[in-house]
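The chain contents come next:
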Amino acid sequence: MEWRSGWSGCARGRADVCLAVPGRILDVGDEHGLRTARVDFGGVRKSVCVETVPEAGAGDWVLVHAGFALQVLDEVAAREVLAWVHGDGSRP
Amino acid sequence: MRFVDEYRDPERILRAAAEVKRRATRAWRIMEVCGGQTHTILASGLDQLLEGSVELLHGPGCPVCVTSVETLDRALALAARSDVTLVSFGDMLRVPGSHGDLFGARARGADVRVVYSPLDALELAVKRPQREIVFLAVGFETTAPAVASAIQSARKRDVANFSVLVAHVRVPPALIAIRSSPDCRVDAFLAAGHVCTVMGTSEYEPIARELSLPIVVTGFEPLDLLQGTALAVEQLERGEARVDIQYRRAVRPEGNVHARALVREIFEVVDRPWRGIGVVPGGGLALSPSYADFDAELRFPERAASAPQEPGVCRAGDVLRGALRPPECAAFGRSCTPERPLGAPMVSSEGACAAYFRYRLADVSSEGAP
């Protein structure tokens, strides 16, 4: 599976303070009392705290920052951005 | 759908840029306030694509860059203690304080470490109970929930050797400070998407209304930034000023209510000095009194030996307010480089100077080097 970090073309690792990366939840369990998921980032798997996204489950895409899931991504809204440039140029 | 690659497609980017240019009847100045966005703009050449239609200004979008010299000096003083392991995100280690940086402290024998997550710092404390683990917490509202979670978890697990030096900053008050400065050139803001993923948009509504300023909550990929710019231009052309959300796949108007509740429990809003901008009223987060036992400032008496000093030639403050483009600084690429930075914006992988150095140094050199 192809993996591109949140930032393509960057040789250095980016553990930046505002970068958040989309990943897909494999399963959800518990680690040290915190709701924790195994998340797949295009082949790289990491443990991610999903304490504040209680609705997230296996198969959901989450936005992850500093080992912490910030939100479940909305696929419908994600496609709307792409539709904007393929539409008639009207208001996005 | 992979949520990344689709937004980097060159054909879509060109069409979107054409759409922005079609909408703009004058050269609007639009400021982004997240370093991740700054890097996307320069890496993809969005500023060049929009040249003549829209000028993209870069704001103080880098928490590492606005962390005060006082805080860095405090961190350096703590790192000098033989019982302390100082932990932070990688970028913080190379930011110059008054006298050197944390990398230098590590070279001199201090125990300074880098983590990806504040939760990793907590695990380090659990594994090494004989050490005092101090986490230097920098970041916008994006990072605050992870830090809050680590602190809450430390309380529940009774981890006594974990504490936090809190340098968190809040974006909305800084927008007001930038807009209020006499040399402000901003017509509209692109607000940082991930900050609003956590916080939502409620704090931005009164700012847009009272300052008559369009604010568009925008994502981080090239297509996101062009669509955000198009939405801002549309408001400007119509004389409107409200909050729009471009980054709807990740931002709900209410934000993440669970994360906000967590942040509210652990932190309280305080005034905070921003490097380059000065004290921003309500511009920071500090530990709330009920979590004061995790406050490294209270746990350790160490203070810097001398008053904080900014490097003289560095014009980071002007860069952070969008008043100066990095290549216009006399030190840029000459006495100041990512390897030997004079100021934080050249250090951080989110800093505006580092972005220009990485993506535009060739252009600058060809304009006529000394």
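Rules and cut-offs
Residues numbered from 1 in each chain as written. Chains lettered and ligands numbered in written order. Predicted model: local features only at pLDDT ≥ 70, side-chain atom pairs only at ≥ 80, totals over all residues. Helix = DSSP H or I, 4+ residues; strand = E, 2+ residues; numbered from the N terminus. Rg over C-alpha atoms; globule rule 2.2 N^0.38 Å. Contact = placed C-beta atoms within 7 Å. Pairing = 2+ DSSP bridges. Axes fitted to C-alpha atoms, helices over the stretch in contact; angles between N-to-C directions. Nonpolar A, V, L, I, M, F, W, Y, C, P; charged D, E, K, R; others polar. Buried ≥ 20, exposed ≤ 12 C-beta atoms within 10 Å, placed from the backbone. Core = buried A, V, L, I, M, F, W, Y, C linked by C-beta atoms within 7 Å. Domains from an automatic or database assignment.

**Topic: the overall build of chain B**
Looking only at helices and strands, chain B has 17 helices and eleven strands in total. For chain B, the C-alpha radius of gyration of 21 Å lies close to 21 Å, the compact-globule estimate for 370 residues. By principal-axis analysis of the C-alpha atoms, chain B measures approximately 65 × 50 × 40 Å. Across chain B, every contact between residues at least 6 apart in sequence was considered, and the portion connecting residues at least 24 apart equals 77%.

**A look at the sheet that holds strand β5 (residues 132–139) of chain B**
All names here are of chain B. Pairing in this open sheet of four strands is parallel, and the strands run β4-β3-β5-β6 from one edge to the other. At either end of the open sheet lies a strand with only one pairing partner, and these are β4 (111–114) and β6 (162–168). Averaged over neighbouring strand pairs, the angle between their axes works out to 20° when direction is ignored. Bridge analysis of strand β3 (residues 84–88) against β4 gives four bridges, and the strand direction is parallel. Bridge assignment links L86 to a residue of β4, and that residue is V112. Sheet strands touched by helix α5 (residues 69–79): β3, β4, β5 and β6. Its angle to β3, the strand with the most contacts, is close to 140°.

**Some thoughts on the sheet that holds strand β1 (residues 28–32) of chain B**
Residue and element names in this part refer to chain B. With parallel pairing, the five strands of this open sheet are ordered in space as β2-β1-β7-β8-β9. Looking along the sheet, the strands with just one partner apiece sit at the ends: β2 (54–58) and β9 (243–245). Strand-to-strand twist in this sheet, taken as the mean axis angle between neighbours without regard to direction, amounts to 25°. The sheet contact formed by strand β7 (residues 188–192) and strand β8 (residues 215–218) spans four bridges and is parallel. Paired with L190 across the two strands is V216, which belongs to β8.

**Brief notes about the interface of chain A and chain B**
When the parts of a complex come together, some accessible area is lost, and that lost area is often used as the size of the interface. With 40 residues of chain A at the contact, the number on the chain B side is 53 residues. Sorting the residues of the side of chain A that touches chain B by element identifies β4 (61–65), β5 (68–72) and α1 (75–86) of chain A as the ones contributing at least two each. Take the side of chain A that touches chain B: its biggest share by element is nine residues, from α1 of chain A. Taken together, the residues of the side of chain A that touches chain B sort by class into 22 nonpolar, eight polar and ten charged.

**Overview of the environment of L231 of chain B**
Within the fold, L231 of chain B resides in helix α12 (residues 222–238). The exposure class assigned to L231 of chain B is buried, which follows from the 24 C-beta atoms found within 10 Å.

**Remarks on the nonpolar core**
The biggest cluster of nonpolar side chains holds 151 residues, and the ones touching the most others in it are V62 and A69 of chain A together with A191 of chain B. It is α12 of chain B that contributes the most residues to this core, eight residues altogether. Each of domain 1 (1–312) and domain 2 (316–360) of chain B accounts for three or more of the residues forming this core. Sequence-distant contacts of V62 of chain A, defined by excluding residues within four places in its chain, comprise G23, I25, V39, V50, V53, A56, A69, Q71, V72 and L73 of chain A.

**A short note on unusual backbone geometry**
All names here are of chain B. If you check the backbone angles, D158 has positive phi at about 60° while not being a glycine. By the element assignment, D158 lies in the loop between α8 (144–156) and β6. Residue D158 is classed as exposed on the basis of its C-beta count, with 6 C-beta atoms lying within 10 Å. Even without glycine at this site, S212 takes up a positive phi of about 50°. Tracing the sequence through the fold places S212 in the loop between α11 (204–210) and β8. By C-beta crowding, S212 is classed as exposed, having 10 other C-beta atoms within 10 Å.

**Details of the domain arrangement of chain B**
Residue and element names in this part refer to chain B. Split by domain assignment, chain B resolves into domain 1 (1–312) and domain 2 (316–360). Contacts between the two partners involve 29 residues from domain 1 and, on the opposite side, 21 residues from domain 2. Residue assignment for the side of domain 1 that touches domain 2 shows that the elements contributing at least two residues are α2 (35–44), β2 and α4 (63–66). A total of six residues in the side of domain 1 that touches domain 2 trace back to one element, the largest contributor, which is α2. Of the residues in the side of domain 1 that touches domain 2, the class split is 15 nonpolar, nine polar and five charged.

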